[in-house]
Amino acid sequence: YQVSAIVKDNPVNSSLQFNMLVPMAARIAYRQGDINNWGNASYRTFVKVYPKTNISTFIQKATALSQQISARTNFSLALQPLSELHFDGKSSDPQFRRGSHTAVFVFSVLAILLLITASINYVNLTIAKADARTREISIRKILGGNCMQLFFQFLTESFLLCLIALFISFIIMWLTLPAFDSLTETDFQLSFSSKILWSVLCGTLFFSTLLTGIFPALSMSFFKPLNYLHGYSILKFKNALLRKGLVVFQFVIGVVFIIGAIVIFRQMQLAQTSSAQYNRAQVISFELPSQLLQKMDYDQQKINMFSQTFKNELKNNSYIQNIAIASNSVEGSMNSKGIKNWYWNGMDTSSKASVSYMSVEPETKNIFNLQLKEGRWFRNDNSDKKNFILNETAVKELGIQQPVIGQPFANKGEGAGQIIAVIKDYNFNSLYNKIDPLVISANDDDLKFDFFIKVVPGNIPKAMNAIAATWKKLIPDAPFDYQFMNEAFDNLYKADLKISKLILLFSCISIIISSMGLFGLAAFIAEQKRKEIGIRKVMGATVAQITTMLSKDFLRLVLLAVVIASPIAYWLMNKWLENFTYRINITGWILLAAGITAVLIALFTVSFQAIKAAVANPVESLRSE
C-alpha cells in the first residue's frame, strides 16, 4: 500500500473517528471468507435514501431480499438516522464514539447552578453594603438623576464586573484544560473561531449580568431613604430576610452536591466489590488475532492445536503462575444460546430465556478463583468433557430440580452430561444488567482462543516480555493486543467513574463558593455589630459567648438548608440509581454525613470571623463614643 492522500481530522466530538481509510476491496482481499458469509456482522453499512422514502417499506424489502438470497439467514434489518447515532446509549458498537444526552443535561444544569450560587454571593454582598452607597444615590437623585439612569448605571457596573470575571475565567480555563482533559479522558479544544464557544461565552456573560445586576439595580435605583431606613427593599421584603434566603439556597445546592458525590462513590464501590467472587488481579488477557483465524479457515481443530502450542511455549516460564484458554472472557460479552440448545429434566420449552455460555480449561478456576456453592470443579482430564457447571441464577431461572448436583444436563447434539457444580453468582456484565443464567463446560471440542495468564506478583514486566516474545515468534504478522483484566472491568464503569469525579469537583467548587459568600456575610455582620460586641465585652461577655452569638444564626440557616436539600438529593439520586439493576440503598447515614459536613464547613467559615471580632480590643470600636 501507499499513502494517496491526507484528510483533516474529524472534530473530536464526532462519532466517526479513524486513523486511516482503506478501500473496501483491500479488506475483502484480506478476509476472503467475509464476503460469502451472510452471518458475518462485522461491517457497518451506511445507506443514503432518496427524500420522502418510506423507511419502513425499505426495511421490509431489504430484509425480505436478504432472506431470499440466503435461506440460512434469519435476521431482520434496522436503520438508524445518522443524527441519532451520537446519543444512542443503547448500542454497544465500539466503532462509534458515543455521547450521553443525560450527561450533557446534568452537567449543564450543574454549571448553571454553580453560576447562580456565585451570583447569589454578589447579590448578597451588594445588598448588605447598600448603606455605603446611600449618600451617593441620594445626591444623584437631588441633582436630577432619574430611576432609569441609576438602574443602567448599576447594571453597567455588574456587566463590567462579569466581563472582567469572564476574561479571568477564560484564562483559567485555558490553563487548566489539559488537566480537565486528563480527568475526563477527552480532548476538548478551544478555538476562537468556534461559533459554539462564543455563543456559550456571550450567553454566560448575559445570564450572569442579569443574575447579578437586575435585583441590586432595582433595589438601589428605586430606593427611597425613608423605606430603606425601615429595612425594606423595592420588593417589600426585609433585606435581612432576603439575605438569609439566599444563603439557604446556596447551601441547599452545596448539600445536594455532597449527597450526590457520596451516593455515586458508594455505587462505584459496589461495582468494585460485586465481582469479588473472582480474582482479576495480576491477570492478562488476549485473544488470537482474526487474521490468524482467517488463515486457518476458522478450523476448530487447527485453532485449538495452535492455542495449545502457544500455551506450551509459555507454560514453564518462571514469571507465569498459570495459563488457561477459554471460548471467551469470564466478564463482558458472552456467547449466548437460547434454551432450545439445551436439555434438562423438567425444562420449560416455552421459555424465552437466554443462557450465557462459555467453555473453559480446568486451569481457569486457579486463575480466577471462581467460588463454588456446591459440587466440584472440572478434573484435569477428559472425564468431564460433557459435564457442566451452572451459576445460581441458572439453577433458579431454568428450574433445575433438586438435588442439583447429578441432574442430567446437555448441549443438544453433543450427548448427555450432568451438572457437577454450582458457582456463586457474579456480575459478568455490569451492575446495569441483571445476572443472566450462565453455563460453563470443559468441552475440548469447543473453539477456544481467549488466553488468560496469571502472573507471579511483582513480575509483570518480565512476564509481558516473555509473552510478547512468544507472540512475535508464533504470530509475527500481527500486533500483540492485550489488556489487564482489572482495566477491562474498569471500562464497564468508565463513564460513571468520570461522572463521579466531576460531581466531586462540582461539590468542592459549590461548597467553596457558598463558604466564600458566608465568609463575606459573616465579616459584614461582624462589622455591623462592632460596637455592640465592644459593649458586650466591656460588660463581661466572653469570647465563646460572642462567637456563639454571631455563629448561631448562620448555623440555623445551614441546618435549614440540610433539611430542604436531603429529600431533593434523595429523589435525584434515586432516579440515577434506577439505571442499575444492582444498586445501593440511600440510607440515613449518607444524608446525615452530608449534613454534618455542611455544618462543619459553615461553622469553620463563620467562626473565623466571629472569633476575630470577639477577640478585638473593645477600645477600638468604642473610642468614638
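Quick caveat, the model's predicted, so the values are computed rather than measured. Throughout this document, residue positions are counted from 1 along each chain, in the order its sequence is written. In keeping with the model being predicted, local features are shown solely for residues with a pLDDT of at least 70 and side-chain atom pairs are shown and tallied solely at 80 or more, while totals for entire chains, interfaces and linings include all residues. To obtain the side-chain values, all non-hydrogen atoms of the structure were included, while hydrogens and water were left out.

J.: Could you clarify how one ought to interpret the overall build of the protein in this entry?
T.: Secondary structure assignment for the protein yields 19 helices and twelve strands. Here the protein holds 625 residues, and 40% of them are scored as buried. Here the contacts in the protein between residues at least 6 apart in sequence split such that 76% fall between residues at least 24 apart. Strands here are runs of E lasting at least two residues and helices are runs of H or I lasting at least four, both read from the DSSP assignment and numbered beginning at the N terminus. Partly exposed residues are those whose accessible area sits between 20% and 50% of the maximum for their type, while under 20% is buried and over 50% is exposed, using a 1.4 Å probe and protein chains only. When checking whether two residues touch, look at their non-hydrogen atoms; a contact exists if any pair is within 4.5 Å.

J.: What am I meant to see in the pairing of strand 7 (residues 388–391) here?
T.: Along any regular strand, the residues point their side chains to alternate faces of the sheet. Taking every second residue as pointing to the same face, both faces of strand 7 are buried, with F388 and L390 on one and I389 and N391 on the other. In this description, strands pair whenever DSSP reports at least two bridges between them. In terms of strand pairing, strand 7 meets strand 9 (residues 417–423) through four bridges, oriented parallel. Directly across from F388, in strand 9, lies its bridge partner I419. Relative to strand 10 (residues 438–441), strand 7 runs antiparallel, the two sharing three bridges. Bridging from a neighbouring strand, F388 pairs with S441 of strand 10.

J.: For this particular structure, what's the right way to read the packing of aromatic side chains?
T.: Each pair of aromatic rings is reported with the distance of its centres and the angle of its planes. Aromatic pairing here means that ring centres of Phe, Tyr or Trp (its six-membered ring) are within 6.5 Å. Orientation follows from the plane angle: under 30 degrees is stacked, over 60 is edge-to-face, and everything else is tilted. Scanning the model with the defined rule gives nine aromatic pairs in all. Taking 5.7 Å as the distance between ring centres and 80° as the angle between the ring planes, the aromatic pair formed by F286 and W471 counts as edge-to-face. You can see F286 sitting in strand 1 (residues 283–287) and its partner W471 sitting in helix 13 (residues 460–474), a full 185 residues away along the chain. Neither F286 nor W471 differs from the other in exposure class; each is buried.

J.: Just checking my understanding: could you explain the side chain of S566 for this structure?
T.: Among the structural elements, S566 can be located in helix 17 (residues 543–577). The buried category is assigned to S566, whose relative accessible area is 14%. Not counting chain neighbours up to four residues away, the residues in contact with S566 comprise I259 and L591.

J.: Could you clarify how one ought to interpret the pairing of strand 11 (residues 450–455) in this entry?
T.: Judged by how many residues are buried, strand 11 sits mostly within the fold: six of six residues are covered. On strand 11, burial covers both faces: D450, F452 and K454 on one face and F451, I453 and V455 on the other are all buried. As judged from the five bridges shared by strand 1 and strand 11, these two strands associate in the antiparallel manner. Pairing of E287 across the sheet is with D450, part of strand 11. Of the strand pairs in this sheet, strand 2 (residues 320–326) and strand 11 are connected by six bridges, and their pairing is antiparallel. In the sheet register, N322 faces strand 11, and the bridge partner there is K454.

J.: Got a minute to help me understand the environment of L218 in this structure?
T.: Tracing the sequence through the fold places L218 in helix 6 (residues 195–221). Take L218: its relative accessible area is 27%, and that puts it in the partly exposed class. As a C-alpha pair, L218 and C147 span 71 residues in sequence and 8.7 Å in three-dimensional space.

J.: Got a minute to help me understand the nonpolar core in this structure?
T.: In globular proteins that are soluble, nonpolar side chains generally tend to be buried together. Counting 46 residues, the largest nonpolar core has V263 and F554 as the members making the most contacts within it. Breaking this core down by element, the ones donating at least two residues are helix 3 (101–128), helix 8 (239–274), helix 15 (494–528), helix 17 and helix 18 (588–614). Among the elements that take part in this core, helix 8 stands out by supplying 15 residues, more than any other. Excluding residues that lie within four positions of it along the chain, F554 makes contacts with L518, L521, A522, I525 and V606. For this analysis, a nonpolar core means a set of buried residues of the types Ala, Val, Leu, Ile, Met, Phe, Trp, Tyr and Cys, connected via side-chain atoms within 4.5 Å.

J.: What is the right way to read the sheet that holds strand 1 from this model?
T.: Whether parallel or antiparallel, the strands of a sheet pair through hydrogen bonds between backbone atoms. With antiparallel pairing, four strands are arranged side by side in an open sheet as 2-11-1-12. Strand pairing shows two members of the sheet lacking a second neighbour, strand 2 and strand 12 (483–484), which therefore form its edges. Against the sheet, helix 10 (residues 300–315) makes contact with strand 1, strand 2 and strand 11, and its axis sits at roughly 175° relative to strand 2, the strand it touches most. Those strands touched by helix 13 are strand 1, strand 2, strand 11 and strand 12, and its axis lies near 15° from that of strand 1. Whenever a helix is involved, its axis is fitted only over the stretch in contact; in every case the axis is a line through C-alpha atoms, and angles between N-to-C directions fall within 0 to 180 degrees.

J.: Whenever I open this one, a nonpolar patch on the surface confuses me. Can you help?
T.: Like charges within 9 Å and nonpolar side chains (Val, Leu, Ile, Met, Phe, Trp, Tyr) within 5 Å are joined into patches, using only residues over 30% in relative accessible area that form no salt bridge. Accessibility throughout is a Shrake-Rupley quantity obtained with a 1.4 Å probe, and a residue counts as covered only by protein chains that appear here. Salt bridges are counted wherever a side-chain nitrogen of Lys or Arg sits within 4 Å of a carboxyl oxygen of Asp or Glu. A surface patch of nonpolar side chains, amounting to about 760 Å² of accessible area, comprises I164, F167, I168, I171, I172, W174 and L175. Secondary-structure assignment places I171 in helix 5 (residues 147–184).

Limitation: the analysis is restricted to geometry and does not speak to function.
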